[in-house]
Every structure is written in structure tokens, then in C-alpha cells.
Amino acid sequence: MENQEPDIEKLPRDDVPDREPDHKKLKISTTGQETDSSAVTTGGSNVAERRAPKYRRRKVAIVFAFCGVGYQGMQKNPGAKTIEGELEEALFHAGAVPDADRNKPRNYEWARSARTDKGVSAVGQVVSGRFYVDPPGFVERLNSKLPDQIRVFGYKRVAPSFSSKKFCDRRRYVYLIPVFALDPCVHGEAEMVRTDLGYEYVKCVECSEKGYKIPLGVMGKDTDCCDTKSLEIQSDISSSTCDAIGADVKCETLSSSVPSAENNLNSEVLDGADVSALSSKAEGMEESNTLAKVEMNNGEGEDMTKSESKFCYGEKEKERFNRILSYYVGSHNFHNFTTRTKAADPAANRYILSFNANTVINLDGKDFVKCEVVGQSFMLHQIRKMIGLAVAIMRNYAPESLIEASFKKDVRINVPMAPEVGLYLDECFFTSYNKRFKGSHEEVSMEEYKEVAEEFKWKYVYSHIGSAEEKDGAVAIWLHSLNQRNYPDLRSNEYQPDEVIVYKKIGEASEENIHEGNAELFVVDKVNDETSEGTTMEERTTLEEKATG
């Protein structure tokens, strides 16, 4: 039939050639590596080959604490032992930083919330960066590579744009100052004894009993070698004159940016005389002797009796100290409280939110006042200098008005700086960031680590502060340098640039009249200019004519 299909010759089944089925083509990875989703069998084996899991970098904020003893501060410096140097090496050995990025913190966006000085500790420090935090156990791996005095509490996943430096709203620092440092009667400029020639400086009795070694020159220069020059500067005031005039004489030295040699000599001679008679009077300050005095028994130079102080940080002392610290609150120019920053530099303007000293804690048998300061940011040495000046005012070495004067741009003052051992960073705050990313990211705060932070604080930070004062007397030795010979700018009651106030005697009063208190005084301002000598003579002549007329 025409439509019938032709018969197809069928081959027998045994004659069909044997062929292996084609293997499934493997999917090529975008990274150039084969995926492990399918297993390739060879020789009929069913063993699957698996590769190691691949982790991604995460942007995190690491919360940690450290005791700063033995370290040259937080920030990494070549050739110096720093906290950052220890932490970066620990991150590398813990696998958080790859070998290609070792010692290259910019590659993983490293940032710190605060920098601390040499020897300063921290309980709530925060750093941020992009690290490999997987697999679980990152905190344990990191702590195993760190010394015991550096402990990581945990980490938080943060937004890609997060920076612990830029997103930190404010920082809280704490300074522990011994209560005895606020007592004007202990660890003064030097212990003193009275002899036939007047007062003489001797070694501090309390420091000698504890074996503290006071470095040479910390007391200031001696007065014996400068007697002749100092008499010329005093112009008509002798030590006997000051003893006779007593509390009616107020000697103030107004200094410019760098104290001159004459100012130093002037300060030496004032301290060589009866200092209690020459102490500056300021409003709101109680009159007290600025030197601890040890009198000789029966005129003999062998036995010395030490007067014990009953000073305590009571309500009255607390109110006065908090009033002094409150002068720092607000926005001010702190150019006198740091180094290498001029008054015209905008970086000198800082904002302090609060500064108070309401708590007393006991460390190794000594009471310490807990001074808490909260600010947006701080400059180098700023907190230690603020504490140093506040202590000087509490010890009656300077008036309270000196703090406000130090904020003026045209005034340069040498401000004393407290030791670093009592200072630590307590917490960093990220209020604005937490509010902005509340729904999408974890909160960056110390709330979760309060208990472990408090335990670290007492074990390492507080124990170090207490032992340093007991064994080395860090604050006690510093108090001996806190005198008006080393810091002549503390004498002033009202600062004006390039001006000195000198008190001179009118007329030619005899030594007997001086001892009887009949001598009259007048003030000569701006004696450091070229016309001062002529002005002085004219004023003296005018006053003498009025007295005789």
C-alpha cells in the first residue's frame, strides 16, 4: 500500500554499543571555587568532599576595660607599650583580623571612643571596626590572647556607618582623690621649725615615717641663696616688716604667661618669711595656714611634735568642694588646662555637663573622694589639671575666682596637674545612635556588663589606686610640689596680663614704728614697665606732702 511505512531494520539488543551517560555539568562559583552542594563520585565511591565554612566581616563595637599601670596610654605609638598595641595583636591572633590587614587599622575601620593618658585606666572603653567574629566564642578567644589587666566584656553588632569616636555623645571620667589631699594642714609645702633665724624647712615627718622618697627640687628652690637679690625686689619690705604688719598686708603677684626670674625670686622671699602673715585673702575662703608648722620644744632643735589633723569630708567640706568644681560646668575655653593648644584654637572650647564629688569610698584603709565629671570630650591632661587647681583652692593656695580667670583668652596661667594614678574612664555614652537605630541594631551601652565591670573595677583599678598611695605616696608627694614657689600664678586674686602688684612703705618709718604697726602702705600697679620707678617716686612725694600738710 502507498501509505504503508517501510519496515525499519531492527538490530538485536546485544549489538547496541555500550555508552556511559554524560555527567552533570558542575555549577561554576562566582568566586572561582567549586560548590560543595554535589558530591563527585570517583570509582563508585560515595564520600562527599566538604570545604571549610566561609565567614564574613562584621561591623561591631567591642566593650572592654583595662588597668593603665605600665602602659604609655591608650593610643598606639611606635616604640611604646600601649593598650591599642596589645588589643590589635590580640585581634590578629584571635582570627578577627586577616594577615593582610595586620598593623593596618584603617583597612578594618578602627576607631576608639576615648584616648587616655599614661597610667590612666578605663572601665567602659569602646572600640569599633570590621572583624571576623564568627564562629561563636570570639570574646573567649580574644581574652585568651590578652593580659589579665585587659578584659573584653563583649561586643555589639552595629550599623555599617558606626564609629565609636564620632557617635560617642559624652564621656564620664572619675578621679579618686584622697581625703587628706583636701586638708590644708597635712603634706604642706614642707614641715617647718622655728629657730632664732626664723622658720626653716625640714623633711616631711609623715612621708619620712612611711619611707616616701621626695625627688629633689619638688619643694621649690631654697631661699637662702637669694637673700640679697630678693631684698632688692621687695624694695622696703623685710621679713621683720611682714611679721609686724601681720594680717593687714596682702601681697599678690600677678604673673603673665611665663613667670620671670624676678617673679620667682619674689615668690621665694615671700615663702621664706612668715607665710601665714602673707597669705592671700579671697572672698568665700576661710583663713588658714598654708604650711604645717612644727615648733621646737623649749628652743631645742632635737624634739619635734607633729600636730594631728582632724579633717574629714563632711557636709561643709563637700559643699565647698562641689561649689569649686561647679565653676567648670558649661562651655569654656580650657586653653590653660592642656598643652600645645592655644586660646585662639577652637579645639580649646569644651563643654562640661556636670562635675561633682558626693561619694567617699575606702581603699586600703584610706578614704577617697569620688570626683565624677561628664563632658562631650576632653583634651590632653584637662581633667588632671582641673582636679589639680580645685585641690589647690581647697588647700587655700589660690582663690576660687582663679578658675573663672583661667578661662579668659588673654590670660596664661601655669595650672598644677594631679597625678594620673587616680583617674579612670568610667563610661562612654551613645545616646543619639541608640535612639536612631533602636529598631534595627543592638544598643551600645554598659547596661549588660555592669556586674562584670564593677568586679574588674575593684579587682584591678581600685586596688591599684589604693596600693599606689599606700606604698608610693603618689598624691602625698605631689602635694609637696603644690606650693606657690612652683606655681607663682596661684597667688593672684584677680588676674590681669602683664601686671604686678607690689606693696611699699610710705615715708621713712623707723624699725620701732614698724614693729609697733604704725607704718602706712600704698599700692603701686604695673611696676614692670619702664616708667614705674618715676611714677613710684612721684606718688610717694605726693602722699608725703599730704601727710605733712
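Residues numbered from 1 in each chain as written. Predicted model: local features only at pLDDT ≥ 70, side-chain atom pairs only at ≥ 80, totals over all residues. Heavy atoms only, no water.

- The name given to the protein in an unreviewed UniProt entry is Pseudouridine synthase catalytic domain superfamily, with the source organism recorded as Arabidopsis suecica.
- What UniProt states about the protein under its Catalytic activity (unreviewed entry) heading is, verbatim, "a uridine in tRNA = a pseudouridine in tRNA".
- Turning to the protein, the UniProt annotation filed under Sequence similarities (unreviewed entry) states: "Belongs to the tRNA pseudouridine synthase TruA family." (UniProt positions renumbered as here; feature names shortened; annotations may be inferred.)

## Re the overall build of the protein
- A tally of helices and strands in the protein yields 15 helices and 13 strands.
- Here the protein holds 549 residues, and the buried ones make up 46% of them.
- Long-range contacts, defined as pairs at least 24 residues apart, comprise 75% of the intrachain contacts of the protein with a sequence gap of at least 6.
- For the protein, the exposed surface amounts to about 30600 Å²; the carbon and sulfur share of it is 47%. (Helix = DSSP H or I, 4+ residues; strand = E, 2+ residues; numbered from the N terminus. Buried < 20%, exposed > 50% of the residue type's maximum accessible area, 1.4 Å probe, protein only. Contact = heavy atoms within 4.5 Å. Areas by Shrake-Rupley, 256 points an atom, 1.4 Å probe, with all protein chains shown as cover.)

## With respect to the pairing of strand β1 (residues 58-66)
- In terms of burial, β1 is largely enclosed, as eight of its nine residues are buried.
- Bridging between β1 and strand β3 (residues 121-131) involves eight bridges; their strand directions are antiparallel. Counterpart to F66 in the pairing with β3 is A122. (Pairing = 2+ DSSP bridges.)

## So, the side chain of R112
- When you line up the elements, R112 lands in strand β2 (residues 111-112).
- In contact with R112, not counting residues within four places along its chain, are M74, Q75, E84, V126, V127, S164 and K165.

## Topic: helix α12 (residues 450-471)
- If you check α12, its first and last C-alpha atoms are 30 Å apart, about what 22 residues at 1.5 Å a residue would give, namely 32 Å.
- Of all the bends in α12, the greatest, near 40°, is centred on K457.
- Taken together, the buried positions of α12 are occupied by A453, F456, K457, V461, Y462, H464, I465, G466, A468 and E469. (Expected span 1.5 Å × (residues − 1). Bend = angle between axes of the 7 residues up to and from the residue.)

## Some details on the UniProt feature "active site" (unreviewed entry) in the protein
- Taken from the UniProt record, the annotation "active site" (unreviewed entry) applies to D117.
- Counting through the fold element by element, D117 comes out in the loop between β2 and β3.
- D117 sits in the buried class, given a relative accessible area of 15%.

## Re the packing of aromatic side chains
- One pass over the full model with this rule turns up 23 aromatic pairs.
- A ring pair is formed by Y108 and F131, whose centres lie 5.5 Å apart and whose planes are at 50°; its orientation type is tilted. Residue Y108 is located in the loop between α1 (83-93) and β2, and its partner F131 is located in strand β3; the two are separated by 23 residues in the primary sequence.
- One aromatic cluster is present, built from ring pairs that chain together F162, F167, F430, Y433 and F437.
- For the cation-ring pair, K81 lies above Y71, with the distance from its terminal atom to the ring centre recorded as 4.8 Å. (Phe/Tyr/Trp six-rings, centres within 6.5 Å; stacked < 30°, edge-to-face > 60°. Lys NZ or Arg CZ within 6 Å of the ring centre and 35° of its normal.)

## Side note on the pattern of salt bridges
- According to the stated counting rule, one finds 18 salt bridges in the structure shown.
- Here D426 and R172 are joined by a salt bridge, their closest N and O atoms 2.9 Å apart. With D426 in strand β11 (residues 423-429) and R172 in strand β5 (residues 170-178), this residue pair connects regions lying 254 residues apart in the sequence.
- Owing to a relative accessible area of 12%, D426 belongs among the buried residues under this scheme. (Salt bridge = Lys/Arg side-chain N within 4 Å of Asp/Glu carboxyl O.)

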